[in-house]
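# Analysis of the macromolecular model
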Amino acid sequence: MDDTLAMLAGGYAWLPGLHRRADGAPARARVMGRPAVALRGPEAARFFYDERHVERATALPEPIKATLTGKGAVHTLDGQAHRTRKAMFLALLADPGHVADLVRHCCESWDERAAGWPDRRRVVLFDEASRALTAGVCRWAGLPVDAGDLDDLAADLVAMVDGFGSAGARHWRGRRARLRREAWLTDLLSHGPPPGPLAEHVAGHRDDDGEPLKPRTAAVEMLNVIRPTVAIAWFVTFAAHALHRWPENRDRLRDGDPAFAEAFTQEVRRFYPFAPYVGGRAVTDLTWRGEPIPEGALILLDVYGQHHDEARWERPYSFLPARFLDAGVGRDDLIPQGGGDPHTGHRCPGEAVTVGLLRELSVRLARLRYSVPPQDLRIPLRRMPTLPHSGFVITDVRPDPQQDHHDKRKSACNRIPHTSPARPKE
């Protein structure tokens, strides 16, 4: 029987459930009419991201291309074409100077919005984070966005991410949002690239054939920098959830301990569910640990299951930032944004931006005084991507009396380099 409906209904728990029933063997299923094999673990990540084994271009479903990535995007390429296109992103997002500038702009936008929160009866943190990140990344990119248009732009960028895991109204909202914003950027580029590092890199890029990107493809790739930056709002909201559930972490973050800020950030990325799995197709007949994988089979790398595997993590369903202080974590152990080497494979080149921004905004959250009123903070695992039901509402926001003292010290974001290496409690 085809497992596609079970996959959509099961959400983040679907692949871990298959692994449990497989009892140590590769988990097998049938998805969209094709045989599928599910793998997990660092060795599986290295196997999956080896282009001799798996291709990504033909495996990306059309609904994801129509919402999350865009058609003709770097995600739809393999081999040298992928590496050449990805070099454009790496020149921006693997450069410490560009990363620091982007983090600074987003943090400044956060601070500007947070300054008005004490005057408001209630604040939905997810909504505010998405708007602050939208304003910051557009300011960094040199994109003209009027204050009156900011909320609509942020809503569209959120819709592109929110629609990838749904077959209903959320999905179609994400499709319309992508079409609308691709048209906006295509029109903008037709008048010459706006001043800013993003448009300049995209306009100056030459693909593997030596030709510049067509305007629509350039717009798609610009969105593939802007949209993932705004998606960090999910992780920021999870960070607030973690501080509420485990307030013992707050004081150490408030004090700006750089090592702990990094550990807290990585534990948020491990513990909370964002990407459930990634998929590719077998390029030839393969063998994984003695088990055959036929050419053309769908291969699924279980991201959520790997991050909660008891064989790999001690007490995986406990939120323990100290695990990232006490022991080193390999490059392919923690893979919320893909595995392998970003310079040669499909690992997200913006991982340093995610880590840097989440680290800095987690410190800001810890230094913010507020109340958390009664609300629905459950995180449904059947919804992809998921979020606390309420979006995390805060009230009675007031300045931290120690903020002047903190402002005189270097923030955790500035003191440490930009490196990158559930069943959540409710």
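Now for a look at the structure at hand. (Residues numbered from 1 in each chain as written. Predicted model: local features only at pLDDT ≥ 70, side-chain atom pairs only at ≥ 80, totals over all residues. Heavy atoms only, no water.)

## Some points on the sheet that holds strand β3 (residues 54–55)
Think of a sheet as strands paired side by side through backbone hydrogen bonds, with each pair either parallel or antiparallel. The criterion, for reference: For two strands to count as paired, DSSP must find a minimum of two bridges between them. For helices the rule is a DSSP run of H or I covering at least 4 residues; for strands it is a run of E covering at least 2, with both sets numbered from the N terminus onward. We call two residues contacting when some pair of their heavy atoms lies within 4.5 Å. Here the axes come from fitting lines to C-alpha atoms, over the contacting stretch only for helices, and the angles between their N-to-C directions go from 0 to 180 degrees.
Pairing within the open sheet is mixed, and its 5 strands lie in the order β1-β2-β8-β5-β3. At either margin of the open sheet sits one strand with a lone partner, and together these are β1 (27–31) and β3. With 4 bridges connecting them, strand β2 (residues 34–39) and strand β8 (residues 298–302) associate as parallel partners. Across the sheet, alanine 38 pairs through a bridge with leucine 300, a residue of β8. In this fold helix α2 (residues 14–22) packs onto β1, β2, β5 (277–282) and β8, with an angle of close to 135 degrees to the strand it touches most, β1.

## Description of the packing of aromatic side chains
Between two aromatic rings, the relevant description is the distance of the centres plus the angle of the planes. To keep things clear, this is the line we draw: Pairs were defined over the aromatic rings of Phe, Tyr and Trp, the Trp ring being its six-membered one, requiring ring centres within 6.5 Å. Orientation was assigned from the angle between planes: stacked under 30 degrees, edge-to-face over 60, tilted for the rest. Accessibility here uses a 1.4 Å probe with only protein chains present; expressed as a share of the type maximum, an area under 20% marks a residue as buried, one over 50% as exposed, and anything in between as partly exposed.
Applying the stated criterion to the full structure yields 16 aromatic pairs. Ring geometry for tryptophan 246 versus phenylalanine 271: centroids 5.7 Å apart, planes at 85 degrees, classification edge-to-face. Of the two residues, tryptophan 246 is situated in the loop between α11 (215–245) and α12 (250–254) and phenylalanine 271 in helix α13 (residues 258–271); the sequence distance between them amounts to 25 residues. Of the two residues, tryptophan 246 and phenylalanine 271, both sit in the buried class.

## Looking at the pairing of β2
Two strands pair when backbone bridges link them, and β1 and β2 are joined in this way by 5 bridges, in the antiparallel orientation. In the strand pairing of β2, alanine 29 is matched with alanine 36. Hairpin connection from β1 to β2: 2 residues lie between these consecutive antiparallel strands, with methionine 32 at a positive phi of about 50 degrees.

## A few points about the pattern of salt bridges
Any two side chains of opposite charge can pair, given that their charged atoms come close. Our working rule: Whenever Lys or Arg places a side-chain nitrogen within 4 Å of a carboxyl oxygen from Asp or Glu, that contact is recorded as a salt bridge.
Overall, the coordinates contain 36 salt bridges when judged by the stated rule. Put simply, aspartate 302 and arginine 40 hold a salt bridge, and the shortest N to O gap is 3.7 Å. Residue aspartate 302 is located in strand β8, and its partner arginine 40 is located in the loop between β2 and α3 (42–48); the two are separated by 262 residues in the primary sequence. Between arginine 113 and glutamate 128 there is a salt bridge, and its shortest N-O distance comes to 3.0 Å. Pair noted here: arginine 113 is in helix α6 (residues 96–114) and glutamate 128 is in helix α7 (residues 125–141), with a separation of 15 residues, a long-range link. On the basis of relative accessible area, glutamate 128 is assigned to the buried category, the value being 1%. Salt bridges here are not isolated pairs; linked through shared partners, they connect Arg46, Arg269, Arg331, Asp332, Arg347 and Glu351.

## So, the packing of α7 against helix α8 (residues 147–162)
Relative placement of two packed helices is described by the angle separating their axes and the distance separating the axes. Where we set the bar: For classification purposes, angles smaller than 35 degrees are called roughly parallel, those larger than 145 roughly antiparallel, those between 65 and 115 roughly perpendicular, and all remaining angles oblique. Any residue that is not Ala, Val, Leu, Ile, Met, Phe, Trp, Tyr, Cys, Pro, Asp, Glu, Lys or Arg is counted as polar, Gly included; the first ten are nonpolar and the last four charged.
It is at 9 Å that the axes of α7 and α8 come closest, and there the two elements cross at 105 degrees. Overall, the two elements α7 and α8 adopt an arrangement that is roughly perpendicular. Contact residues: Phe126, Ser130, Arg131, Thr134, Ala135 and Cys138 in α7; Leu150, Asp151, Leu153, Ala154, Leu157 and Val158 in α8. Among the residues forming the contact of α7 with α8, the class breakdown is 8 nonpolar, 2 polar and 2 charged.

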